[in-house]
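One letter stands for each residue in the lines below.
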There are 2 protein chains.
Amino acid sequence: MNVTIKDVAEAAGVSPKTVSRVLNGEAYVRPSVKEVVLETINRLGYKPNMAARSLAGARSYLIGLAVDDPTWSAYAAGLQLGAIKKCRERNYHLVVEPVDTNQAESEEALMRAIAHLRLDGIILVPPLCTSDSLLDRIEAIGLPYVRVAPGQQPERSALVEIDERQAAFDLTCHLISLGHRDIGFIQGIEQHAATPLRRAGFLDAMHQAGLPVKPSRIQPGDFNFHSGLEGGEILLGDAQDRPTAIFASNDDSAMGVIAAASRLGIPVPQALSVVGFDDAPAARIVWPDITTVRQPLGDMAGAAVEILVDPRYRANMQDVAFRRVLPYEIIHRGSVGPCPT
Amino acid sequence: MNVTIKDVAEAAGVSPKTVSRVLNGEAYVRPSVKEVVLETINRLGYKPNMAARSLAGARSYLIGLAVDDPTWSAYAAGLQLGAIKKCRERNYHLVVEPVDTNQAESEEALMRAIAHLRLDGIILVPPLCTSDSLLDRIEAIGLPYVRVAPGQQPERSALVEIDERQAAFDLTCHLISLGHRDIGFIQGIEQHAATPLRRAGFLDAMHQAGLPVKPSRIQPGDFNFHSGLEGGEILLGDAQDRPTAIFASNDDSAMGVIAAASRLGIPVPQALSVVGFDDAPAARIVWPDITTVRQPLGDMAGAAVEILVDPRYRANMQDVAFRRVLPYEIIHRGSVGPCPT
DNA sequence: TATGCATATGATTGCGCTGTCATGTTGTGT
DNA sequence: ACACAACATGACAGCGCAATCATATGCATA
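Only a predicted model underlies this, so the values are computations on that prediction, with no experimental measurement involved. (Residues numbered from 1 in each chain as written. Chains lettered and ligands numbered in written order. Predicted model: local features only at pLDDT ≥ 70, side-chain atom pairs only at ≥ 80, totals over all residues. Heavy atoms only, no water.)

Draft legend 1. The overall build of chain A, seen in detail. Each helix and strand counted, chain A has 14 helices and 12 strands in total. Over its C-alpha atoms, taken along the principal directions, chain A stretches across nearly 85 × 40 × 35 Å. Counting every position in chain A, which comprises 341 residues, the buried fraction comes to 55%. Relative to all contacts within chain A whose residues are 6 or more apart in sequence, the contacts with residues 24 or more apart total 70%. As displayed, chain A has an accessible area near 14,400 Å², and 53% of this comes from carbon and sulfur atoms. Side chains of chain A give 33 positive and 40 negative charges; the mean places of these two sets differ by 8 Å. (Helix = DSSP H or I, 4+ residues; strand = E, 2+ residues; numbered from the N terminus. Buried < 20%, exposed > 50% of the residue type's maximum accessible area, 1.4 Å probe, protein only. Contact = heavy atoms within 4.5 Å. Areas by Shrake-Rupley, 256 points an atom, 1.4 Å probe, with all protein chains shown as cover. Lys, Arg positive; Asp, Glu negative; His and termini not counted. Charge placed at Lys NZ, Arg CZ, Asp CG, Glu CD.)

Below is the structure:
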């Protein structure tokens, strides 16, 4: 049937264990032998059997990505792609596990999958990475995990994030620098750690500039188009008293705000500036395209994979060295203009 | 450490093999014994080890999803979610493998992953499912595969699709029934089998209604927003001679057409009707929302998984019974109106 | 030359499960 | 009552690999 390590060993004139050593990059193999083995592997087209590897060894070469995102938004997609790419590099594989935070049974299914597959590690995406009950259970079984943008309990475990608060601060400052003094804000899902951070960054910037923020200028939202539309219609509804700029907590809701403006006949960016967050693909293609904050989602997921496969992390999961804060970037596009006089 | 089948067997007072029988739903286990075993499994929290199962048995309980879609569009996301859901039901797991059709090395990586993981089956998504070289290689190793919307070589292997041509035909008829007689068309990526089928359905309907289609009314595209924008601008550029409706080959390009109309000051749907295809999430939320064809992507992927785990398919991959044509649905929304007089 | 240590390799065992086959233990028809 | 099936269970081997330990080589130092 299929080529096994034994076949390679025989063909190369060494023991299976030596082939195994070459495969796993262990020390104590003469370069000349190593070369012969590698050549034989290639010639025979040998591919190690993961099941046997994981049964005999300690690792499964499988990393989990747990996501609670029923629509599989661009955010989840960006992370997934980055994670897969890095897994390939490292000869690992990614198993995607969707979880519904609102369903206890769903968490059960995740734990079952983890045990089934003997995952080597798991990447937790908002809002899962802020669920204490889930974190507790994962810690209880000793599974290495990395949180993506948890926004809280930074000391608890490894994490990968950007400085959301600073990014929101910078973006708000940009609007202020263009003369905007009355800026509305559309929030995200409250359970996402990013939501309070982005709001805080926004408020920091406004306060630092000495600009007041009426409570009615802060509208709820849930990171999707509709909430942007609704929040936008409320913020822009009163022609006598409307903000000249709106900060939406992500790009989808920013598109909703633009749609609301368009319905009300308010030209963007001439009469209203709109900014989003995340740099979703759609933010680049809609018209006007949206000024936003680019999160390096692929890099973040890649960093998470790297942490999980790092034996040093597996040895000491409390190690503070595994807290990655990646750079963000403000992307200037067409949805922002100077404050209308 | 972890509970094994042996522990369960001892606790239940039976042999490991009997537990294995219960696990795999084999015949010849007394109901009373089965009950005791199941109770013990539950009590001990036993989770079978996939690696051991796959090493000892013939199945890996892993299904692959191969996708060539660098942006991981809504199409890929919809399929993925449906596949994962069905996998869970069946106690399988999904491993996502992105492939770049333009990179030979990428196909190599896919084949390596297949061998590594001993996949039980693989789902091929356009345009991969029309790559003869890839299909040949997969057949050569005897791996069961299902093609999603291949649009050609229907007899070659199992497939899951909708009747793209009929759907495009129906959608075009809808426009014609509203009085439109001059309809433009934006194509998709030529390598995707859906592209010629949707075009053919469109042309069929036009011809059947006795309506001419000038060559300039057919614009190229690649399923994304930009190509819709460009094609739209060309189709609508001449105010003296412009179609009253445009059929875009998917929702992204339909949004591009709407954006083009908006730039040119052409109100949709008053002066121009636009239809898309796929019923992407965005089609529902933009304004105006887009009349389109809903493909049951989740069901399609689910059906693909069901075929792959079906032992009858594994036994006879030529069986014509495994060709699934799922129903589509035309979704009427705000982007279509009667032909302006 | 003898001693030690770093380097290099192989023999053996077992991971947890399923496949095969042997062995019981009931039921059914005559 | 007997043969013979259908049913029910267990003993045992082995999947392909890595971990462990034992065993060989070199090569410098005393």
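Draft legend 2. Representation of the nonpolar core within the structure. By size, the foremost hydrophobic cluster in this structure holds 145 residues, and its most contacted members are Ile122(A), Ile123(A), Ile122(B) and Ile123(B). Once you skip the residues sitting within four places of it in the chain, Ile122(A) turns out to touch Gly64(A), Ala66(A), Leu110(A), Ile114(A), Ile138(A), Leu143(A), Pro144(A), Tyr145(A), Val146(A) and Leu308(A). (Core = buried A, V, L, I, M, F, W, Y, C linked by side-chain atoms within 4.5 Å.)

Draft legend 3. Examining empty space enclosed by the protein more closely. Summed over the entire model, instances satisfying the criterion amount to four cavities of 30 Å³ or more. Approximately 140 Å³ is the volume attributed to the largest cavity. Residue lining of the largest cavity: 14 residues in total, with Ala51(A), Leu62(A), Ala51(B), Ser54(B) and Leu62(B) positioned closest to the centre. Listed by contribution, the elements that provide at least two residues to the lining of the largest cavity are helix H4 (50-56) of chain A together with helix H4 (50-56) of chain B. For the lining of the largest cavity, the class distribution of residues is eight nonpolar, five polar and one charged. (1 Å grid on protein atoms, 1.4 Å probe; cavity = no way out; pocket = protein on both sides within 12 Å on 5 of 7 lines; lining within 4 Å. Points joined across faces, edges and corners; volume = space filled by probe spheres on them. Nonpolar A, V, L, I, M, F, W, Y, C, P; charged D, E, K, R; others polar.)

Draft legend 4. Fine view of the protein's contact with DNA strand C. Around DNA strand C, the surrounding shell holds 24 residues, and the nearest of these are Ser15(A), Thr18(A), Ile5(B), Ser20(B) and Tyr46(B). Backbone atoms, meaning sugar and phosphate, form 67% of the atoms of DNA strand C found within 4 Å of the protein. With respect to DNA strand C, the side chain of Ser20(B) contributes an N or O atom lying 2.8 Å from a phosphate oxygen. Those elements giving two or more residues to the surface near DNA strand C turn out to be helix H2 (16-23) and H4 of chain A together with helix H2 (16-23) and H4 of chain B. (Near = heavy atom within 4 Å. Polar contact = N/O pair within 3.5 Å; in protein donor to acceptor, adjacent residues only side chain to side chain.)

Draft legend 5. Spotlight on the protein's contact with DNA strand D. As a structural note, the neighbourhood of DNA strand D is formed by 24 residues, with Ile5(A), Ser20(A), Tyr46(A), Ser15(B) and Thr18(B) the closest of them. The sugar-phosphate portion of DNA strand D accounts for 68% of its atoms within 4 Å of the protein, the bases making up the rest. Measuring from a phosphate oxygen of DNA strand D, one finds a side-chain N or O atom of Ser20(A) at 2.7 Å. For the surface near DNA strand D, the secondary structure elements donating two or more residues are H2 and H4 of chain A together with H2 and H4 of chain B. Residue composition of the surface near DNA strand D, by class: 11 nonpolar, seven polar and six charged.

Draft legend 6. Here's a closer look at the state of the cysteines. Residue and element names in this part refer to chain A. This model, assessed by the stated rule, comprises zero disulfides over all chains. Cys173 forms no disulfide, and the closest cysteine sulfur to it belongs to Cys339, at a distance of 16 Å. Classification of Cys173 by relative accessible area gives partly exposed; the value is 27%. (Disulfide = S-S within 2.5 Å.)

Draft legend 7. Region of interest: the packing of helix H1 (residues 5-12) of chain A against helix H3 (residues 31-44) of chain A. Residue and element names in this part refer to chain A. Between H1 and H3, the least distance of the axes is 9 Å, while the angle of their chain directions is 125 degrees. Compared by their axis directions, H1 and H3 come out oblique. Handedness of the crossing formed by H1 with H3: right-handed. Contacts between H1 and H3 involve Asp7, Val8, Ala11 and Ala12 from the first element and Val36, Val37, Thr40, Ile41, Arg43 and Leu44 from the second. (Axes fitted to C-alpha atoms, helices over the stretch in contact; angles between N-to-C directions. Parallel < 35°, antiparallel > 145°, perpendicular 65-115°, else oblique. Left-handed = near helix turned anticlockwise from the far one by under 90°.)

Draft legend 8. Looking closely at helix H8 (residues 164-177) of chain B. Residues and elements named next belong to chain B. For H8, with 14 residues, the first-to-last C-alpha span of 20 Å sits near the 20 Å given by 1.5 Å per residue. When we look at burial in H8, the residues that qualify are Glu164, Ala167, Ala168, Phe169, Leu171, Thr172 and Leu175. Phi turns positive, to about 100 degrees, at Gly179, one or two residues after H8. (Expected span 1.5 Å × (residues − 1).)

Draft legend 9. Representation of the domain arrangement of chain A in the model. All names here are of chain A. Parsing chain A into structural domains produces domain 1 (5-48), domain 2 (62-162 + 297-326) and domain 3 (164-295). Each of domain 2 and domain 3 has a C-alpha centre, and the two are 29 Å apart. The interface is formed by 12 residues belonging to domain 2 together with 10 residues belonging to domain 3. At the boundary of domain 2 with domain 3, total buried surface from both sides reaches about 880 Å², with 65% on carbon and sulfur atoms. Remark: the boundary between domain 2 and domain 3 carries zero salt bridges. Tallied by class, residues from the side of domain 2 that touches domain 3 come to nine nonpolar, three polar and no charged. (Domains from an automatic or database assignment. Buried area = accessible area lost by both parts, 1.4 Å probe. Salt bridge = Lys/Arg side-chain N within 4 Å of Asp/Glu carboxyl O.)

Draft legend 10. Layout of the relation of the copies chain A and chain B. The transformation that overlays chain A on chain B combines an axial shift of 0.0 Å with a rotation of 180 degrees, and the residual RMSD is 0.1 Å. What the rotation and shift describe, once combined, is the action of a two-fold rotation axis. Closest approach to the rotation axis among the C-alpha atoms of chain A is made by Ala51(A), whose C-alpha sits 2.2 Å away. Mapped onto chain B, 100% of the interface residues of chain A again fall at the interface, so both copies present the same surface. (Least-squares fit on C-alpha atoms with pLDDT ≥ 70 in both.)

Draft legend 11. Local environment of the pairing of strand E8 (residues 245-248) of chain B. All names here are of chain B. The alternating pattern of E8 places Ala245 and Phe247 on one face and Ile246 and Ala248 on the opposite face, and all of these are buried. As defined by bridge partners, strand E6 (residues 183-186) adjoins E8 across four bridges and the pair is classed as parallel. Residue pairing in the sheet places Phe185 in a bridge with Phe247 of E8. Bridge count between E8 and strand E9 (residues 273-275): three bridges; the pairing is parallel. Across the sheet, residue Phe247 finds its bridge partner in E9, namely Val275. In the classification by handedness, the crossover that spans E8, the intervening helix H11 (residues 251-263) and the parallel E9 is right-handed. (Pairing = 2+ DSSP bridges. Right-handed = clockwise from strand over helix to strand, strands pointing away.)

Draft legend 12. Representation of the side chain of Thr195(A) within the structure. Take Thr195(A): it is sitting in helix H9 (residues 194-208). Ignoring sequence-local partners within four residues, the contact set of Thr195(A) consists of Gln187(A), Gly188(A), Ile189(A), Glu190(A) and Phe223(A).

Draft legend 13. Seen up close, the pairing of E6(B). All names here are of chain B. Neither face of E6 is exposed, since Ile183 and Phe185 on one face and Gly184 and Ile186 on the opposite face are all buried. As defined by bridge partners, E6 adjoins strand E7 (residues 218-219) across two bridges and the pair is classed as parallel. Residue pairing in the sheet places Phe185 in a bridge with Ile218 of E7. Regarding the hand of the β-α-β motif, the stretch spanning E6, helix H9 (residues 194-208) and E7 is right-handed.

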